[in-house]
Amino acid sequence: MLTIGLIGGLSWYSTLEYYRVINEEIQGRLGGHASAKIVLQSLDFAEVREYQQREDWPAAGRLLAEAGRRCQAGGADLILICSNLMHKNAEAVDAEIDVPLLHIADAVAQRARGFEKVGLLGARWIMEEEFYAGHLRSAGVDVVVPDADGRELVDRVIFEELTQGKALESSRTAYAEIIAQLVEQGAEAVVLACTEIELLIGAADSPVPLLDSMQIHAEQAAILALGRA
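All residue numbers refer to position in the chain's written sequence, counted from 1. Note on the predicted model: pLDDT of at least 70 is required for a residue's local features to be given, and 80 or more for side-chain atom pairs to be given and counted; whole-chain, interface and lining totals, by contrast, use all residues. Only heavy atoms go into the side-chain values, all of them from the structure, while hydrogens and water stay out.

Undergrad: Requested: an account of the environment of A90, with residues and values cited.
TA: Going along the chain from the N terminus, every DSSP run of H or I of four or more residues is numbered as a helix, and every run of E of two or more is numbered as a strand. Within the element layout of this structure, A90 appears in helix α4 (residues 90-94). Under the scheme applied here, a residue whose accessible area is under 20% of the maximum for its type counts as buried, over 50% as exposed, and between as partly exposed, the area being computed with a 1.4 Å probe on protein chains only. Residue classification places A90 among the buried positions, given a relative accessible area of 6%. Separated by 49 residues in sequence, A90 and Q41 place their C-alpha atoms 16 Å apart. For A90, the contacting residues outside a window of four places in its chain are I81, L101 and H103. Pairs of residues are marked as contacts when any of their non-hydrogen atoms sit within 4.5 Å.

Structure (structure tokens):
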């Protein structure tokens, strides 16, 4: 079994879910007392969030790259950034490590094959820039995002609520309404492109399939760790 390196704490709520899903997948496939070999570098999200708000992506990249080097030094054979948004720094991390970086958008794009168009929910940079959606489009999957008001709401809920451990019923209702609007625009599935959104909504909140980026990323890591890609 390969050792998985996790760059986590982005936020710690979703890092918990990564650890759970990876271990459940390993135990489900191997049985018995089997569990994953994991090296975790958990960052202080307050520091990362400050870089996000200042849009100081070079500084954020240096922080994540150092965490990636520590994962590799700890024995990691492959590395995950446990955040969709922080894949803005994927190239900076990849340049500083000598083991594969499993890109979350590539894992999601692989799962999205078969859909012609998907909705995309995440931090505003995810919804408004190409560093993430471009991976889906390269896989032949078109992308639709909420309107400006919807993007503002989705982003606000992520950073004022979900990354602080809050899941409000009013926000669940608002997200469900935005998903319905994406479906009206032709979305055949919706990508939860923030690793905390799955803490708020589930299949019952959507008339189309939800592609949970955290779940997909973690499951793919476990499969690769067992050499079963």
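Undergrad: Just give me the short version of helix α5 (residues 104-112), but keep the residues and values in it.
TA: Those residues of α5 lying buried are I104, A105, A107, V108, A109 and A112. Summarising the contacts, the buried residues of α5 are in contact with α1 (12-30), α7 (130-138), β6 (189-192), β7 (210-212) and α10 (213-225). Just downstream of α5 lies G114, where phi reads positive at about 110°.

Undergrad: Explain the sheet that holds β6 to me, using residue names and the numbers behind them.
TA: By this definition, two strands are paired if DSSP reports at least two bridges between them. One open sheet accounts for 4 strands, arranged β5-β4-β6-β7; its pairing is parallel. One side of each edge strand has no neighbouring strand; the edge strands of this open sheet are β5 (142-144) and β7. Each neighbouring strand pair of the sheet contributes to a mean axis angle of 30°, computed without reference to strand direction. Note that strand β4 (residues 117-121) and β5 share 3 bridges and pair parallel. Residue pairing for β5: K117 is matched across the bridge by D142. To define axes, lines are fitted to C-alpha atoms, for helices over the stretch in contact only, and angles between the resulting N-to-C directions are given on a 0 to 180 degree scale. Running at roughly 155° to β4, helix α9 (residues 169-184) makes contact with β4, β5, β6 and β7 of the sheet.

Undergrad: Describe in detail the pairing of β6, supporting the description with residues and values.
TA: Residues of β6 alternate between two faces, with A189 and V191 on one and V190 and L192 on the opposite face, all of them buried. In terms of strand pairing, β4 meets β6 through 4 bridges, oriented parallel. Among the inter-strand pairings, L121 is bridged to a residue of β6, identified as L192. Relative to β7, β6 runs parallel, the two being bridged by 3 bridges. Residue pairing for β7: V191 is matched across the bridge by L211.

Undergrad: I'd like a description of the pattern of salt bridges, backed by residues and values.
TA: Salt-bridge detection follows one rule: a side-chain nitrogen of Lys or Arg within 4 Å of a carboxyl oxygen of Asp or Glu. Per the counting criterion, the structure on display carries 17 salt bridges. A salt bridge links E24 to R20; its shortest N-O distance comes to 3.0 Å. With a gap of 4 residues between them, E24 and R20 both fall in helix α1, about one helical turn apart. Overall, the relative accessible area of 46% leaves E24 in the partly exposed class. Looking at R20, the relative accessible area reads 33%, which means it is partly exposed. Ionic pairing is found between E130 and R137, a salt bridge with its closest N-O pair at 2.4 Å. For R137, a relative accessible area of 36% translates into the label partly exposed. A single salt-bridge network, built from bridges that share partners, covers E66, R69, R70 and E96.

Undergrad: Go over the packing of aromatic side chains with me, naming the residues and quoting the values.
TA: Aromatic pairing here means that ring centres of Phe, Tyr or Trp (its six-membered ring) are within 6.5 Å. Orientation follows from the plane angle: under 30 degrees is stacked, over 60 is edge-to-face, and everything else is tilted. Evaluation of the coordinates by the stated rule reveals 2 aromatic pairs. Ring plane angle 25° and centroid distance 3.9 Å describe the contact between W12 and Y13, whose orientation is recorded as stacked. The partly exposed category is assigned to W12, whose relative accessible area is 46%. When the ring of W57 is compared with that of W125, the centres are 5.3 Å apart and the planes differ by 85°; the resulting orientation is edge-to-face. Remark: W125 occurs in helix α6 (residues 124-128) and W57 occurs in helix α3 (residues 57-73); sequence separation between them is 68 residues. Seen from the ring of F159, R49 lies directly overhead, with NZ or CZ sitting 3.6 Å from the centre. The rule is short: NZ of Lys or CZ of Arg within 6 Å of the ring centre and within 35 degrees of the ring normal puts a charge over the ring. For the cation-ring pair, R124 lies above W125, with the distance from its terminal atom to the ring centre recorded as 4.0 Å.

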